[in-house]
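Chain residues, written in single-letter form:
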Amino acid sequence: MEKFVINGGRALDGEVAISGAKNAAVAIIPAVILCDEPCRIENIPNISDVTLIGRILQEMGAVVKRVNKSTLDIDPRHIASCSATSELVRGMRASYYLLGALLGRCHQAKVCLPGGCNFGARPIDLHLKGFAALGARHELVNGAIIDVKSEQKLHGNNIYLDFASVGATINIMLAAVKAEGQTIIENAAKEPHIVDLANFLNSMGASIRGAGTDTIKIRGVDYLHGVTYSIIPDQIEAGTYMCAAAATRGKVLVKNITPKHLESISAKLREIGCEIKEYDEALLVDASKMPLNRCNIKTMPHPGFPTDCQPQFTALLCTVDGTSIMNESVWDNRYQYVSELTLMGAHISVEGRLAIIEGGSRLTAAPVKATDLRAGAAMIIAGLCADGTTEISSIQYIERGYEDIVGKLTALGADIKKVYFEQSADQGLRA
Ligand code: EPZ
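All values derive from a computational prediction rather than experimental measurement.

Another aspect to go through is the side chain of glutamate 237. Relative to the assigned elements, glutamate 237 resides in helix α7 (residues 235-247). A relative accessible area of 2% places glutamate 237 in the buried class. What glutamate 237 contacts, discounting residues up to four positions off in sequence, is Ile18, Ser19, Tyr402, Glu403 and Lys408.

This brings us to the environment of histidine 193. Mapped onto the elements of the fold, histidine 193 is located in helix α6 (residues 192-203). When its relative accessible area of 11% is taken as the criterion, histidine 193 is described as buried. Along the primary structure histidine 193 and isoleucine 29 are separated by 164 residues, whereas in three dimensions their C-alpha atoms are 12 Å apart. Not counting chain neighbours up to four residues away, the residues in contact with histidine 193 comprise Asn23, Ala24, Val166, Ile170 and Ile232.

Following both chains from N to C, one finds α7 and helix α9 (residues 310-318) inclined at 5°, their axes separated by 9 Å at the closest point. The pairing of α7 with α9 is recorded here as roughly parallel in orientation. From α7, Ile236, Thr240, Cys243, Ala246 and Ala247 reach across to α9, where they touch Gln312, Phe313 and Leu316. For the contact of α7 with α9, the residue count by class is 6 nonpolar, 2 polar and no charged.

Here we come to the sheet that holds strand β23 (residues 389-393). Strand order in the open sheet formed by 4 strands is β22-β23-β1-β24, and the pairing between neighbours is mixed. Of all the strands in the sheet, the pair left with one neighbour each is β22 (367-369) and β24 (415-420). Here the strands of the sheet are splayed against their neighbours by 25° on average, with no regard to which way each runs. Bridge count for strand β1 (residues 2-7) against β23 is 4 bridges, and the pairing is antiparallel. Among the inter-strand pairings, isoleucine 6 is bridged to a residue of β23, identified as threonine 390.

Before going further, it helps to spend a moment on the nonpolar core. Nonpolar side chains tend to gather and get buried jointly when the protein is soluble and globular. Leu98, Met173, Phe200 and Leu201 are the most contacted members of the largest nonpolar core, which totals 83 residues. Those residues in contact with methionine 173, other than ones at most four positions away along the chain, are Ile185, Ile194, Leu197, Ala198, Leu201, Ile208, Ile216 and Ile218.

The full set close to the ligand counts 23 residues, and Leu126, Ser165, Asp308, Val330 and Arg374 are the nearest of them. The backbone of leucine 126 places a nitrogen or oxygen atom 2.7 Å from an oxygen atom of the ligand. Residue aspartate 308 places a side-chain N or O atom 2.6 Å away from an oxygen atom belonging to the ligand. At the level of secondary structure, the elements contributing two or more residues to the shell around the ligand comprise α1 (22-31), α4 (125-133), α5 (166-176) and α11 (373-385).

Bringing the pattern of salt bridges into the picture now. Going through the model one piece at a time under the given rule, you end up with 26 salt bridges. A salt bridge links aspartate 147 to lysine 149; the nearest nitrogen and oxygen atoms lie 3.5 Å apart. For lysine 153, the salt bridge is made with aspartate 222, and the minimal N-O distance between the two is 3.1 Å. One end of the pair, lysine 153, is in the loop between β9 (145-149) and β10 (158-160); the other, aspartate 222, is in the loop between β13 (216-219) and β14 (228-230), and 69 residues separate them in sequence. Take lysine 153: its relative accessible area is 29%, and that puts it in the partly exposed class. Residue class for aspartate 222 comes out exposed when judged on its relative accessible area of 63%. Each of Glu2, Glu399 and Lys418 takes part in a single network of salt bridges with overlapping partners.

Our focus in this paragraph is the packing of aromatic side chains. One pass over the structure, following the stated rule, counts 4 aromatic pairs. Both rings, one in tyrosine 96 and one in tyrosine 97, keep their centres 4.9 Å apart while their planes meet at 70°; by these two values the pair is edge-to-face. A relative accessible area of 10% means that tyrosine 96 is categorised as buried. Ring geometry for tyrosine 335 versus tyrosine 337: centroids 6.4 Å apart, planes at 50°, classification tilted. As far as burial versus exposure is concerned, tyrosine 335 and tyrosine 337 are alike and both buried.

Let us look at the sheet that holds β13. Read from one edge to the other, the open sheet built from 4 strands follows the order β10-β11-β13-β12, with strand pairing classed as mixed. This sheet does not close on itself; its edge strands, each paired only once, are β10 and β12 (207-209). Here the strands of the sheet are splayed against their neighbours by 15° on average, with no regard to which way each runs. Where β12 lies against β13, 3 bridges are found, and the strand directions are antiparallel.

Attention shifts here to the environment of asparagine 157. Mapped onto the secondary structure, asparagine 157 falls in the loop between β9 and β10. Along the chain, asparagine 157 and valine 16 lie 141 residues apart, while their C-alpha atoms are 44 Å from each other. Residues contacting asparagine 157, with those up to four places away along its chain left out, are Ala133, Leu134, Gln182, Thr183 and Ile184.

What follows is about α7. A rise of 1.5 Å per residue sets the reference length of α7, with its 13 residues, at 18 Å; its end C-alpha atoms lie 18 Å apart and thus fit the reference within 8%. Judged by how many residues are buried, α7 sits mostly within the fold: 13 of 13 residues are covered. Measuring from the backbone nitrogen of isoleucine 236 back to the side-chain oxygen at the start of α7 gives 2.9 Å, which picks out aspartate 234 as the cap. Of the residues one or two after α7, arginine 249 is the one with positive phi, at around 60°.

Looking at where aspartate 49 falls in the secondary structure, it is placed in helix α2 (residues 48-59). Residue class for aspartate 49 comes out buried when judged on its relative accessible area of 4%. With 350 residues separating them along the chain, aspartate 49 and glutamate 399 place their C-alpha atoms 8.3 Å apart. With near-sequence residues (within four places) excluded, aspartate 49 lies in contact with Lys22, Val26, Met92 and Arg400.

The rules behind these values
- Residues numbered from 1 in each chain as written.
- Predicted model: local features only at pLDDT ≥ 70, side-chain atom pairs only at ≥ 80, totals over all residues.
- Heavy atoms only, no water.
- Helix = DSSP H or I, 4+ residues; strand = E, 2+ residues; numbered from the N terminus.
- Buried < 20%, exposed > 50% of the residue type's maximum accessible area, 1.4 Å probe, protein only.
- Contact = heavy atoms within 4.5 Å.
- Axes fitted to C-alpha atoms, helices over the stretch in contact; angles between N-to-C directions.
- Parallel < 35°, antiparallel > 145°, perpendicular 65-115°, else oblique.
- Nonpolar A, V, L, I, M, F, W, Y, C, P; charged D, E, K, R; others polar.
- Pairing = 2+ DSSP bridges.
- Core = buried A, V, L, I, M, F, W, Y, C linked by side-chain atoms within 4.5 Å.
- Near = heavy atom within 4 Å.
- Polar contact = N/O pair within 3.5 Å; in protein donor to acceptor, adjacent residues only side chain to side chain.
- Salt bridge = Lys/Arg side-chain N within 4 Å of Asp/Glu carboxyl O.
- Phe/Tyr/Trp six-rings, centres within 6.5 Å; stacked < 30°, edge-to-face > 60°.
- Expected span 1.5 Å × (residues − 1).

What follows is the structure, encoded as structure tokens:
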């Protein structure tokens, strides 16, 4: 058992370097399955989700070597099977990208239903509709394994997504990249990691146009050659540190980022009274001078305000005087962490997709848990602001997506430690 223990009340101050994007890495690593030669991927975040997807590829026959903390060499040439059905596959959400990548490579994919962060229903019907349009039929085997196959080579088609789903856009791109003819995805997702994946595939010889807009056009190619590719910085990790700087009324230079990816977050921080200075690959967040004001936020697909920063901003808005309203428009049930924040003295009521935050009262330390990855980040932000010592359990969720969060926060002046506990039946938890 491991926990984070935080002594709150210190304003963050200093510089933090942002790692490579988790949600780009977990798409780009499976995308190597489509390549006909070895690849080197750089700026990979050192997080457990990356370790897991690397191990899954190894189990499938790929040779995966860690060159250093942020670089992986992957040789996919010896992947012999089109199945990924081990227990490891259930351990993460993004393992569903194996469906698109394997379909693209061998016209068939047998993959366990994915696991990952649990915030209500996470359907994949749009992924499967896309595969069907390319000529692949699916069935669910024993309620646990999705078997998708096409009798012949996949063929391009026009696909309209009912919702601009990140996962469906990526999976369809992966399946279509070697299909016969042209595929057009309408109402495609536009998140930065969609563009990153398209750039990676194009650098290998794929023909993808329009990534980052509503319409993506993919002309199938037969061969993808090996490349060295560097992953974009993590938009959400950067947003989390920006939010933590504001919540603690600190001053933090967030480095190794693409400021354009952070516009919606910067806009909201400016609206509440933070000073934001943009540089080429960095942003300064200064919340040390002025009192902060309330605001309303609605999460939207990119370039709207990202749902993956919603819990962190809810924690921030607890520290600001007045009533703020959060409107979660992407996920049905992403407020499970609110009951944990209320244990720390937050006044939040949830009505459907709205969270009404009565901010301004001091947060106080309490034992809380990370109910998922971004919820865990929100607990850390609350702990950094709270009076007393906050203990956060279930930190394995946080470590799925944040590289060295203890080291990075400590360098900014936070008092945060990872503590190992033993659990015994009669004594409960002891350090
Ligand atoms: C990606 O999940 C991210 N995960 C999520 O980040 C992020 O919250 C989400 O996009 C939205 O930005 C990865 O990239 C690995 P979606 P994904 O398909 O692709 C509905 C994090 O914290 N939908 O865009 O699974 C769905 O129910 C994680 O880093 C369907 O109805 O999200 C949701 O309401 C958590 N049918 C909406 O679309 C489908 O077939 C958005 O889902 C697919 C999705």
